[in-house]
Amino acid sequence: MAVLLIVAVIVGLGLCEGLTRLFLPAFNPSGQFEFDYPVGSLMLGQPGTVARQAKNTGDYDVPIRINMHGLRDDNDASTATPDDILVVGDSFTWGWGVESRDRFSDRLHKLTGRRTFNLSTPTDVDGYAALLAYARALGATADRVVIAVCMENDLHRYATRSDDEAYPSDAVSIRHWLSTHSAFYLFALTVVHQTPWLRTLAVEAGLITPNLEGIGRNDDDPAVVAASADRLLDIARQYRALVVLIPSRALWVGPSRAVEDRVHQAFVAALRQRGIDVLDLRPLLEAKGTPLAYHFANDGHWNPAGHALAAEAISQHLAR
């Protein structure tokens, strides 16, 4: 009996998977974008990829195009000249959830009249150095660099980290495997997220972590602040660099707002003490009293309004 039950479940799930792929092809995971192209310590997009990036909550569904170098950019970094701007950062700067034309790097081109090259991928400050080195190896000669630092996850003890700590290899979880292999799982997850009572049950059962409860937290550790500032100074010495700070959402929500405030202020001071040109976006995001309005409702990344604000601020700073 148990064997028959297992067989019936497997056949049923297989039927659900097949029908989902047949009648709801938008949920086919083969069409979803993945960072699966290794370049040294980095993971970029597969060159030539044309895919989509969709959020099962409905926040976004955008096309993704990857160029010959594994970067999400219509420009070829190998052609970057001293008159151009290199923009480097993590998933925020890469443009998670927004059309490429809506990213602050692309908007910056229109505002400044200078070509911009987006070198970003999900990584941290060590990875930013590697991305800039990659651009140089391709032939880029631009030395004006905008480095976007995400305050939610970019501060570390860089000089003392091992290679494994600097570039951890994520264990393949059941959720991740299902999200990259099962259309029925993606469909079911979307239904749960977009059905209020089902989502409430899933949150209460611990199957879904609400967006604002999954924010990365910083420790109030002066050594981490100093090490992160020193690592950025290593990069800034090689370029005409502007460091742009993407504030943590934990400044505005959650139990550690006081700690995040101290860390943020200490990091700004540490960068300036080292002579690094820094643009802190926090005052601009807080100006209207609704800083979270620049983020997606169910995703921590900036929406187009956030990118527009950043582009305007960066262009004005560079002009000065």
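Because the structure is predicted, anything quoted here is derived from the model rather than measured. (Residues numbered from 1 in each chain as written. Predicted model: local features only at pLDDT ≥ 70, side-chain atom pairs only at ≥ 80, totals over all residues. Heavy atoms only, no water.)

Another aspect to go through is the sheet that holds strand β8 (residues 240–246). Read from one edge to the other, the open sheet built from five strands follows the order β6-β5-β7-β8-β9, with strand pairing classed as parallel. Single-partner strands in this sheet number two, and they are β6 (116–118) and β9 (277–280). Within this sheet the neighbouring strands show an average axis-to-axis angle of 20°, counted without direction. Direction of pairing for β8 relative to β9: parallel, over a ladder of four bridges. (Pairing = 2+ DSSP bridges. Helix = DSSP H or I, 4+ residues; strand = E, 2+ residues; numbered from the N terminus. Axes fitted to C-alpha atoms, helices over the stretch in contact; angles between N-to-C directions.)

Taking 1.5 Å per residue, 14 residues should reach 20 Å; helix α4 (residues 125–138) reaches 20 Å between its end C-alpha atoms and fits that length. Every buried residue belonging to α4 is among Val-125, Asp-126, Gly-127, Tyr-128, Ala-129, Leu-131, Leu-132, Tyr-134 and Ala-135, and all of these are buried. Looking one or two residues beyond α4, the residue adopting positive phi is Gly-139, at roughly 120°. (Expected span 1.5 Å × (residues − 1). Buried < 20%, exposed > 50% of the residue type's maximum accessible area, 1.4 Å probe, protein only.)

Overall, the coordinates contain eight aromatic pairs when judged by the stated rule. An angle of 25° between the planes, with centres 5.3 Å apart, marks the rings of Phe-33 and Trp-94 as stacked. Placement of the pair is Phe-33 in the loop between α1 (2–23) and β1 (35–39) and Trp-94 in helix α2 (residues 91–94), with a sequence separation of 61 residues. Looking at Trp-94, the relative accessible area reads 2%, which means it is buried. With a centroid separation of 6.1 Å and 15° between ring planes, the pair formed by Phe-35 and Trp-96 is classed as stacked. A residue pair is termed long-range when its members are at least 10 positions apart, and Phe-35 in strand β1 and Trp-96 in the loop between α2 and α3 (104–112) qualify at 61 residues. Here Trp-96 falls in the partly exposed class, since its relative accessible area comes to 23%. Each residue in the set Phe-33, Phe-35, Trp-94 and Trp-96 is aromatic and connected to the rest through ring pairs, giving one cluster. (Phe/Tyr/Trp six-rings, centres within 6.5 Å; stacked < 30°, edge-to-face > 60°.)

Counting 43 residues, the largest nonpolar core has Leu-119, Ile-147, Leu-232, Leu-245, Phe-267 and Leu-271 as its most contacted members. Looking at this core, the elements that each hand over two or more residues are β2 (42–45), β5 (85–88), α4, β7 (144–150), α9 (222–236), β8 and α10 (257–273). Once you skip the residues sitting within four places of it in the chain, Phe-267 turns out to touch Val-149, Met-151, Leu-155, Val-225, Ser-228, Ala-229, Leu-232 and Leu-245. Leu-242, Leu-281, Tyr-294 and Trp-302 belong to the second largest nonpolar core, which has 24 residues in total. (Core = buried A, V, L, I, M, F, W, Y, C linked by side-chain atoms within 4.5 Å. Contact = heavy atoms within 4.5 Å.)

Looking down a regular strand, the side chains alternate between one sheet face and the other. The two faces of β5 match: Ile-85 and Val-87 on one face and Leu-86 and Val-88 on the other face are all buried. Both β5 and β6 contribute to a ladder of three bridges, which runs parallel. Its bridge partner lying in β6, Val-87 is registered against Asn-118. By the bridge criterion, four bridges tie β5 to β7 in an arrangement that is parallel. In the sheet register, Val-87 faces β7, and the bridge partner there is Val-146.

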